[in-house]
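Spelled out from the first residue to the last, the chains are:
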Amino acid sequence: MALADTEGSGAPGSADSLFSEIVELNVGGQVYVTRHKTLIAVPDSLLWNMFCKKSPRELARDSKGRFFLDRDGFLFRYILDYLRDLNLVLPDYFPEKSRLQREADFFQLRDLARRLSPRMSKENSISEEIIQSDPEEGALQCGSSAGADTLRALSASGAARSPSLDSRKSGYITIGYRGSYTIGRDIQTDAKFRRVARITVCGKTSLAKEVFGDTLNESRDPDRPPERYTSRYYLKYNFLEQAFDKLTEAGFHMVACSSTGTCAYTSSDPSEDKIWTSYTEYVFCRE
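Residues numbered from 1 in each chain as written. Predicted model: local features only at pLDDT ≥ 70, side-chain atom pairs only at ≥ 80, totals over all residues. Heavy atoms only, no water.

Quick word on the pairing of strand 2 (residues 30–35)
Applicable threshold: What makes two strands pair is DSSP finding at least two bridges between them. Numbered from the N terminus, helices here are DSSP runs of H or I no shorter than four residues, and strands are runs of E no shorter than two.
Where strand 1 (residues 22–27) lies against strand 2, 6 bridges are found, and the strand directions are antiparallel. Looking at the pairing, E24 lines up with V33 of strand 2. The hairpin turn running from strand 1 into strand 2, its antiparallel successor, is 2 residues long, and G28 in that turn takes a positive phi close to 60 degrees.

Remarks on helix 12 (residues 240–249)
Let me state the cut-off plainly: Here's how the labels work: a residue is buried when its accessible area is under 20% of the maximum for its type, exposed when over 50%, partly exposed in between, all with a 1.4 Å probe on protein chains only. Comment: arc refers to directions from the helix axis out to C-beta atoms.
Within the span of helix 12, buried status applies to L240, A243, F244 and L247. Buried residues of helix 12, seen end-on, are gathered within an arc of 100 degrees and therefore sit on one face of the element.

Topic: helix 11 (residues 205–212)
The element helix 11 is extensively covered by neighbouring structure, given that 6 of its 8 residues are classed as buried. Residues T205, S206, L207, A208, V211 and F212 constitute the buried set of helix 11. Looking one or two places after helix 11, you find G213, whose phi comes out positive at around 55 degrees.

A word on the pattern of salt bridges
Applicable threshold: Counted as salt bridges are all cases of a side-chain nitrogen of Lys or Arg within 4 Å of a carboxyl oxygen of Asp or Glu.
Evaluation of the coordinates by the stated rule reveals 13 salt bridges. Residue R99 is joined to D72 by a salt bridge in which the shortest nitrogen-to-oxygen separation is 2.5 Å. One end of the pair, R99, is in helix 4 (residues 97–106); the other, D72, is in the loop between strand 3 (67–69) and helix 3 (76–85), with 27 residues separating them in the sequence. For R99, a relative accessible area of 34% gives the class partly exposed. Relative accessible area serves as the criterion here: at 18%, D72 is assigned to the buried category.

Considerations on the pairing of strand 7 (residues 229–235)
Here strand 5 (residues 195–204) pairs with strand 7 via 4 bridges, running antiparallel. Paired with K204 across the bridge in strand 7 is Y229. In this sheet, strand 7 lies alongside strand 6 (residues 216–217) in antiparallel orientation, the contact comprising 2 bridges. Residue pairing in the sheet places L216 in a bridge with L235 of strand 7.

What to know about the packing of aromatic side chains
The cut-off we apply is this: In this scheme Phe, Tyr and Trp rings, the latter by its six-membered ring, pair at centre separations within 6.5 Å, and the angle between planes marks the pair as stacked below 30 degrees, edge-to-face above 60, and tilted otherwise. Definition used: whenever NZ (Lys) or CZ (Arg) falls within 6 Å of the ring centre and also within 35 degrees of the ring normal, the charge is taken to sit over that ring.
This model, assessed by the stated rule, comprises 11 aromatic pairs. Ring centres 5.0 Å apart and planes at 70 degrees place the aromatic pair Y78 and F94 in the edge-to-face group. Placement of the pair is Y78 in helix 3 and F94 in the loop between helix 3 and helix 4, with a sequence separation of 16 residues. Of the two residues examined, Y78 and F94, each falls in the buried class. Note on F244 and Y282: the rings are 5.1 Å apart at their centroids and 75 degrees apart in plane angle, and the pair reads as edge-to-face. On the criterion of sequence distance, the pair formed by F244 in helix 12 and Y282 in strand 9 (residues 274–286) is long-range, its members being 38 residues apart. Looking at Y282, the relative accessible area reads 15%, which means it is buried. Cluster of aromatic residues (ring-pair linked, three or more members): Y32, F76, F106 and F107. Here R71 stacks its cationic end above the ring of F106, 3.7 Å away from the centre of that ring.

Here we look at a nonpolar patch on the surface
Our working rule: What goes into a patch is any residue over 30% in relative accessible area without a salt bridge, connected to like charges within 9 Å or, for nonpolar side chains (Val, Leu, Ile, Met, Phe, Trp, Tyr), within 5 Å. Areas reported as accessible are Shrake-Rupley estimates using a 1.4 Å probe. Residue values count occlusion only from the protein chains shown.
Taken together, the side chains of I22, V31 and V33 make up a nonpolar region of the molecular surface, amounting to roughly 230 Å² of accessible area. For I22, the position within the fold is in strand 1. Classification of I22 by relative accessible area gives partly exposed; the value is 35%.

Topic: the environment of L69
Put simply, the rule is: A contact between two residues is defined here by any heavy atoms of the two lying within 4.5 Å.
Following the sequence through the fold, L69 ends up in strand 3. Sequence spacing of L69 and Q30 is 39 residues, and the spatial spacing of their C-alpha atoms is 9.7 Å. Every residue in contact with L69, bar those within four places of it in the chain, is listed here: N26, V27, G28, L47, M50, F76 and F107.

Overview of the sheet that holds strand 3
Heads up, the rule is: Think of each axis as a best-fit line through the C-alpha atoms, taken over the contacting stretch in the case of a helix, with angles from 0 to 180 degrees between the N-to-C directions.
Within the open sheet, the 3 strands sit side by side as 2-1-3. Their pairing is mixed. Two strands in the sheet have a free side with no partner beyond their single neighbour: strand 2 and strand 3. In this sheet, adjacent strand axes meet at a mean angle of 30 degrees when their direction is disregarded. Across 3 bridges, the pairing between strand 1 and strand 3 is parallel. Bridging across to strand 3, V27 finds its partner in L69. Strand contacts of helix 3: strand 1, strand 2 and strand 3, with the helix running at about 5 degrees to strand 2, the strand carrying the most contacts.

Note that all results are geometric; they support no functional claim without further evidence.
This is how it looks when you write it as structure tokens:
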């Protein structure tokens, strides 16, 4: 077994000799398989202390014997990539840089945390962060005459046109849900209210993030660039009206909808309830 507490590579009597060459990890529910030498690539890091200074019996494991870490399972893939060659290449439009920096701090990977810091990273300098987030805030932080001039220019242009209206892009967002409901013998008294399993969001990534923000679950398509389209996002809640409210607040209006329904369960016994399932899509547009 890969995790057996038997002698593996390393000098006899050393801590790392107790670990197998191939190590299985469960990080927040995500399973990773890597080499032991990869985990101890950075001296004095958290993983180095765990897998070099401790014995396997001292580390937490899951029900299948894998070493368990209660951290972000998705972001750990980048931690592991860094440990393999001490280099890190992030995908374009990576939205989780601040969270990855927090993970680097937790695993005590100081060089990686420094690279991810906006004030230290050459690829992501302060000026670049200002352009991507809030130009006015960046000008205030600059503290120079050039920054003050920039702020005055932005204020003057803001008086001519509304930034909120100018930044709004046109496009379509499709909201879909699969639901079920039960109809009994007496429809008036026995009808069960609809049950919405999950609300899906289809459309351009930038529009979906603008409208739904933190309520958008991106775990099924995390690296999608802003100008690409996706059909794999879904919402963290199950209230259609809440999704409609957010779309309305963002200037969208419904232009089409469609629905299908089938009887998923029926019985010849007239006393038994009938269970119906349906799939419905609502198309919203902002011009």
